[in-house]
Amino acid sequence: AFRQADAGAGHDLYKLTYGRTFGVNPAEVTKQQRQIGKVEELALGYRGGVGAFLTFASAYGIDLDELARHVRGAIADDLWREAESSYDWFLEKKATRGLSKETFIALDAIKRGWRQSHPAISAFWLNLEEGCVRAIEGEIVRVGRLTLDRQGAWLRMRLPSGRYLCYPGARDIRETKGLGVISFLGVDQLSRKWTRISTHGGKLAENATQAVALDVLAEAMPRIEAEGFRIVLSIHDEFITEAGLDKTERDLVRLMTTTPPWGQGLPLNAAGFTADRYRKD
């Protein structure tokens, strides 16, 4: 989908997602509807469920009750029945997030539909979980373009660039209750304290994805500065540079989208603008 969009032969990914969910032609998806597609991708791509929906919907101003009222006709009956049958389990676990029954079922059905239409991603989460457990037990495991092993007390994830993500004190926690499959020592995002953290395949996939995204940007930085662009700031996936009047945003895009030696097959694209002052595009 990314390759087709970059080539001008396909639709924006978020429009495709909305169109698939609601049975709408992607070419007719509005800006507000695209935001809903964006929330779906951001919430569900790393094994998130209804709770992730709530988080991203709040950030992007999406009314979930209104969304739920429009989704029923577009969701396959079997997915809807699965979501309905699981509602009582979530209710018993006090995990309905304060949503009405109708809204919760609708969001859970969307989640199930997303996972069904992305079998390779869903399998990747499970393969990462299994791979980490096997690595903790002493194996060297290949999952896609990642390599997992154990070095002393550390579980290591070797990225395509050769850099490692390290999980100190990693343990197999499958015998315990909850979504976690392994745990490791780290800083809790809320308490900011050093503690034991549980994780699962979706979160591990997120760790790898964000790390590779950083590697793509970092690999480009020396090349960008060597051609006369002084990087003064980076914001997530964005570079702000100062350069002579002979430089253009097209030059910067070319430098940013040069595929790293370790990233063959990775679709890369960028856009930019030239201005006297920084602004959001």
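In this numbering scheme, every chain counts its residues from 1 along its sequence in written order. For this predicted model, a pLDDT threshold of at least 70 governs which residues receive local features, and a threshold of 80 or more governs which side-chain atom pairs are given and counted, while totals over whole chains, interfaces and linings are taken from all residues. Note that the side-chain values use all heavy atoms of the structure and ignore hydrogens as well as water.

Draft legend 1. Looking closely at the overall build of the protein chain. Helical segments are the DSSP runs of H or I of at least four residues, strand segments are the runs of E of at least two, and each set is numbered from the N terminus. Summing up its helical and strand segments, the protein chain has ten helices and nine strands in all. Projected onto its principal axes, the C-alpha positions of the protein chain cover 65 × 55 × 35 Å. The cut-offs for exposure are 20% and 50% of the maximum accessible area for each residue type, with area from a 1.4 Å probe on protein chains only; residues under the lower value are buried, those over the upper are exposed, and the others partly exposed. Taking all 281 residues of the protein chain together, the buried fraction comes to 38%. Long-range contacts, defined here as pairs at least 24 residues apart, represent 44% of the contacts in the protein chain between residues at least 6 apart. For the area figures, the Shrake-Rupley method with a 1.4 Å probe applies, and any residue is considered shielded solely by the protein chains shown. As displayed, the protein chain offers around 16600 Å² of accessible surface, 51% of which is attributable to carbon and sulfur atoms. Contacts between residues were defined by any pair of non-hydrogen atoms, one from each residue, lying within 4.5 Å.

Draft legend 2. Seen up close, the packing of aromatic side chains. Think of it this way: a Phe, Tyr or Trp ring, Trp meaning its six-membered ring, pairs with another when their centres are within 6.5 Å, and the plane angle makes it stacked under 30 degrees, edge-to-face over 60, tilted otherwise. The tally for this structure, following the rule as stated, stands at six aromatic pairs. Aromatic pair Trp114 and Trp125: ring centres 6.3 Å apart, planes at 5°, arrangement stacked. One end of the pair, Trp114, is in helix α7 (residues 101-117); the other, Trp125, is in helix α8 (residues 119-136), with eleven residues separating them in the sequence. Taken individually, Trp114 and Trp125 each receive the classification buried, so the pair is uniform in this respect.

Draft legend 3. The arrangement of the nonpolar core in detail. Nonpolar cores were defined as sets of buried Ala, Val, Leu, Ile, Met, Phe, Trp, Tyr and Cys residues, with membership established by side-chain atoms within 4.5 Å. Ranked by size, the top nonpolar core spans 55 residues in total, and within it Phe53, Leu107, Leu128, Leu148, Leu155, Met157 and Leu159 carry the most contacts. No other element matches α7, which puts seven residues into this core. Look past the residues within four positions of Leu148 in its chain and what remains in contact with it is Leu128, Gly131, Cys132, Ala135, Glu139, Ile140, Val141, Val143, Arg156 and Met157. The next biggest cluster of nonpolar side chains, apart from the first, holds nine residues, and it includes Ile224, Phe229, Ile231 and Phe239.

Draft legend 4. Representation of the environment of Asp6 within the structure. With respect to the secondary-structure elements, Asp6 resides in helix α1 (residues 2-6). The exposure class assigned to Asp6 is partly exposed, which follows from its relative accessible area of 36%. Separated by 261 residues in sequence, Asp6 and Pro267 have C-alpha atoms that sit 8.4 Å apart. Other than its neighbours up to four places away in sequence, Asp6 contacts Pro267, Leu268 and Asn269. Reaching out from Asp6, the side chain makes a polar contact with the side chain of Asn269 at a distance of 3.0 Å. Definition of a polar contact: a pair of N or O atoms within 3.5 Å, with one able to donate and the other able to accept a hydrogen when the atoms are protein atoms, and with sequence-neighbouring residues admitted only if both atoms are side-chain atoms.

Draft legend 5. Quick peek at the pattern of salt bridges. Counted as salt bridges are all cases of a side-chain nitrogen of Lys or Arg within 4 Å of a carboxyl oxygen of Asp or Glu. Under the counting rule described, the total for this entry stands at 19 salt bridges. Two residues, Arg69 and Glu66, come together in a salt bridge whose shortest N-O distance is 2.7 Å. Taken as a pair, Arg69 and Glu66 lie in helix α5 (residues 64-71) at a separation of three residues, close to a single helical turn. Under the relative-accessibility criterion, Glu66 is labelled partly exposed at 34%. Between Glu219 and Arg223 there is a salt bridge whose closest N-O contact spans 3.2 Å. In this pair, Glu219 and Arg223 are both assigned in helix α9 (residues 201-226), four residues apart and thus about one turn of the helix distant. A network of salt bridges, in which partner residues are shared, links Glu82, Asp108, Lys111 and Arg112.

Draft legend 6. Layout of the environment of Thr199. With respect to the helices, strands and loops of the structure, Thr199 is situated in strand β7 (residues 194-199). Separated by 15 residues in sequence, Thr199 and Phe184 have C-alpha atoms that sit 8.1 Å apart. Not counting residues up to four positions away in its chain, the partners in contact with Thr199 are Gly180, Val181, Ile182, Phe184 and Leu204.

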